[in-house]
Amino acid sequence: GEQVEQRPPHLSVREGDSAVITCTYTDPNSYYFFWYKQEPGASLQLLMKVFSSTEINEGQGFTVLLNKKDKRLSLNLTAAHPGDSAAYFCANDLPGTGSNRLTFGKGTKFSLIP
Amino acid sequence: DPKIIQKPKYLVAVTGSEKILICEQYLGHNAMYWYRQSAKKPLEFMFSYSYQKLMDNQTASSRFQPQSSKKNHLDLQITALKPDDSATYFCASSQDRVGSDYTFGSGTRLLVI
């Protein structure tokens, strides 16, 4: 079945620095890709959904890049601030499975160095 | 107001017992899901339902049984509980089409002792 590899598992940067989280996936039929943010003890909050081929999407304080040729999805947190401290998960969605099932990466725990 | 309600928020159970996790959504979605998150494993897909019909099942154990009494309900019954079942169980919903945005509930944290 589909496998989503997420790196790194832990990431710490200083406030104001940037950080990159990367996911690779295996199924070339993957069509939709998601980034979720999960604060401690909370549920998952959708940050962004992307589905085009190579594309850069900009959100508030972050950029998402999808490269379908390399089967790679990345989340770039620009100018990290305390509100960014959380776990981040990538996920993809496969058409034709009969179910809108998401396959998640293992997550990245992101924090600021005091 | 929360759009997906999961009850209870916390649950402690004795090994061998049975529990039901409740999920209701008020988003008008026709697909509902259960995912599990534990310290050992990432978010794992368990079940998906569409119009109260089971669409996909990735849970090997028959001890986990979803129950859908209404279109906007998808409860999860777990029998013969084991300590390894300790996890946070998230319910989610979406429209029943690929790429639809999920809305996740706040989760039920289950501890089996």
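As shown above, the structure is provided for reference.
What counts and what doesn't
Residues numbered from 1 in each chain as written. Chains lettered and ligands numbered in written order. Predicted model: local features only at pLDDT ≥ 70, side-chain atom pairs only at ≥ 80, totals over all residues. Heavy atoms only, no water. Core = buried A, V, L, I, M, F, W, Y, C linked by side-chain atoms within 4.5 Å. Buried < 20%, exposed > 50% of the residue type's maximum accessible area, 1.4 Å probe, protein only. Helix = DSSP H or I, 4+ residues; strand = E, 2+ residues; numbered from the N terminus. Contact = heavy atoms within 4.5 Å. Buried area = accessible area lost by both parts, 1.4 Å probe. Salt bridge = Lys/Arg side-chain N within 4 Å of Asp/Glu carboxyl O. Polar contact = N/O pair within 3.5 Å; in protein donor to acceptor, adjacent residues only side chain to side chain. Nonpolar A, V, L, I, M, F, W, Y, C, P; charged D, E, K, R; others polar.

(A) Layout of the nonpolar core. Counting 23 residues, the largest nonpolar core has Trp35, Val64, Leu73, Leu75 and Phe110 of chain A as the members making the most contacts within it. When contributions to this core are tallied by element, the ones reaching two or more residues are strand 2 (10-14), strand 3 (19-25), strand 4 (32-38), strand 5 (44-50), strand 7 (62-67), strand 8 (72-77), strand 9 (86-93) and strand 11 (108-113) of chain A. No other element matches strand 3 of chain A, which puts 4 residues into this core. In this structure Leu75 of chain A touches Ala19, Val20, Ile21, Trp35, Leu47, Phe62, Thr63, Val64 and Tyr88 of chain A, once residues within four positions along its chain are discounted. Ala13, Leu21, Tyr49 and Leu110 of chain B belong to the second-largest nonpolar core, a separate cluster that totals 20 residues.

(B) Representation of the interface of chain A and chain B. Contacts between the two partners involve 22 residues from chain A and, on the opposite side, 23 residues from chain B. Taking both sides of the interface into account, the surface hidden between chain A and chain B amounts to around 1800 Å²; carbon and sulfur atoms contribute 54%. Three residues stand out in chain A for area buried against chain B, namely Asn100, Arg101 and Phe104 of chain A, and they jointly supply 31% of the buried area on that side. A salt bridge links Asp56 of chain B to Arg101 of chain A; its shortest N-O distance comes to 2.7 Å. The interface formed by chain A and chain B contains 6 residue pairs in polar contact (both at pLDDT 80 or more). Of all the secondary-structure elements, those providing two or more residues to the side of chain A that touches chain B are strand 4, strand 5, strand 9 and strand 10 (102-104) of chain A. The biggest single contributor to the side of chain A that touches chain B is strand 4 of chain A, with 4 residues. The residue inventory of the side of chain A that touches chain B, partitioned by class, reads 11 nonpolar, 7 polar and 4 charged.

Distances and angles like these do not, on their own, reveal function.
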